[in-house]
Amino acid sequence: MEKKGFKERVRKFVVTLKRNPSRIPLVALVLCFGFYSFNLTCISNTTAKINSPGMGIYGFVTMLFSMLSLVAFMNSFPHRKPVNKVMLGLSLAMVALVIFADFQYKGLILHAVDPSNPNHITVTENTMYIVDAYAMLTKHIVFLIISVALTVLLPVYGKLLKKINTNVNVEGYGKMEAIELQND
């Protein structure tokens, strides 16, 4: 009995994705935003420790444009209307700006810990959050690139999703047609 219930839930999930495949890149963008938000402590601590000019603004740009790109993306795919290309382009431009801010922040971290820098910061056990911030930003950039790829490839896998057969086989359906024909 449980197996049929699981199969039905999977079928309904696939039907939902077939009707609205834009949810896939939206979920990817939400996960990227959540990943960055949950790791904001190491970014804040790194900004406070290194305190290079521009670090705070790059962190702010990443947070702000991550949220705004989500709003723009949600407005890119209105229900039962064609894609709003302006909003989609705006969303992708904001994601590109977030990637740029992440790269710049990573560059400031590298400059701060570079031994050739006269004011370099030595990473110790107490400042491991700097390494964590650098690694987190690398993962965040990769996740954002995957999200952009999912957005750009949406027409391709949207068509593939539509080819999936989600019809429910009803056992007595063929007999019903025979009964209706006999009554005529």
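Residues numbered from 1 in each chain as written. Predicted model: local features only at pLDDT ≥ 70, side-chain atom pairs only at ≥ 80, totals over all residues. Heavy atoms only, no water.

Asks: Which residues make up the environment of Ser 37, and what are the values?
Replies: Locating Ser 37 in the fold gives a position in helix 2 (residues 23-38). Sequence separation of Ser 37 and Thr 62 is 25 residues, and the distance between their C-alpha atoms is 9.9 Å. Here Phe 33 takes part through its backbone oxygen, which lies 2.8 Å from a polar atom of the side chain of Ser 37. (Helix = DSSP H or I, 4+ residues; strand = E, 2+ residues; numbered from the N terminus. Polar contact = N/O pair within 3.5 Å; in protein donor to acceptor, adjacent residues only side chain to side chain.)

Asks: Account for the packing of helix 2 against helix 4 (residues 55-74), with residues named and values stated.
Replies: Remark: helix 2 packs on helix 4, axes separated minimally by 10 Å, with the N-to-C direction vectors making an angle of 160 degrees. Between helix 2 and helix 4, the interaxial angle falls into the category roughly antiparallel. Crossing of helix 2 against helix 4: the hand is left-handed. Here Pro 25, Leu 26, Leu 29, Val 30, Phe 33, Tyr 36 and Ser 37 of helix 2 lie close against helix 4, whose contacting residues are Gly 59, Thr 62, Met 63, Ser 66, Met 67, Leu 70, Phe 73 and Met 74. (Axes fitted to C-alpha atoms, helices over the stretch in contact; angles between N-to-C directions. Parallel < 35°, antiparallel > 145°, perpendicular 65-115°, else oblique. Left-handed = near helix turned anticlockwise from the far one by under 90°. Contact = heavy atoms within 4.5 Å.)

Asks: Which residues make up the nonpolar core, and what values do they have?
Replies: One finds Ile 43, Ile 50, Ile 109, Leu 137 and Leu 144 to be the most contacted residues of the largest nonpolar core, which totals 26 residues. Looking at this core, the elements with two or more residues in it are helix 2, helix 3 (40-50), helix 4, helix 5 (85-113) and helix 6 (129-152). Top element by residues in this core is helix 5. It accounts for eight residues. If we skip the residues at most four places from it in the chain, Ile 43 touches Tyr 36, Tyr 105, Ala 133, Met 136 and Leu 137. (Core = buried A, V, L, I, M, F, W, Y, C linked by side-chain atoms within 4.5 Å. Buried < 20%, exposed > 50% of the residue type's maximum accessible area, 1.4 Å probe, protein only.)

Asks: I'd like a description of helix 7 (residues 154-162), backed by residues and values.
Replies: When helix 7 is considered as a whole, its buried residues turn out to be Leu 154, Tyr 157, Gly 158 and Leu 161. On an axial view of helix 7, the arc spanned by its buried residues comes to 110 degrees, and they lie on one face. Within helix 7, the exposed residues directed more than 90 degrees away from the buried face are Pro 155, Lys 159 and Leu 160. Where the residues of helix 7 are buried, they touch helix 1 (2-19), helix 2 and helix 6. (Arc of directions from axis to C-beta.)

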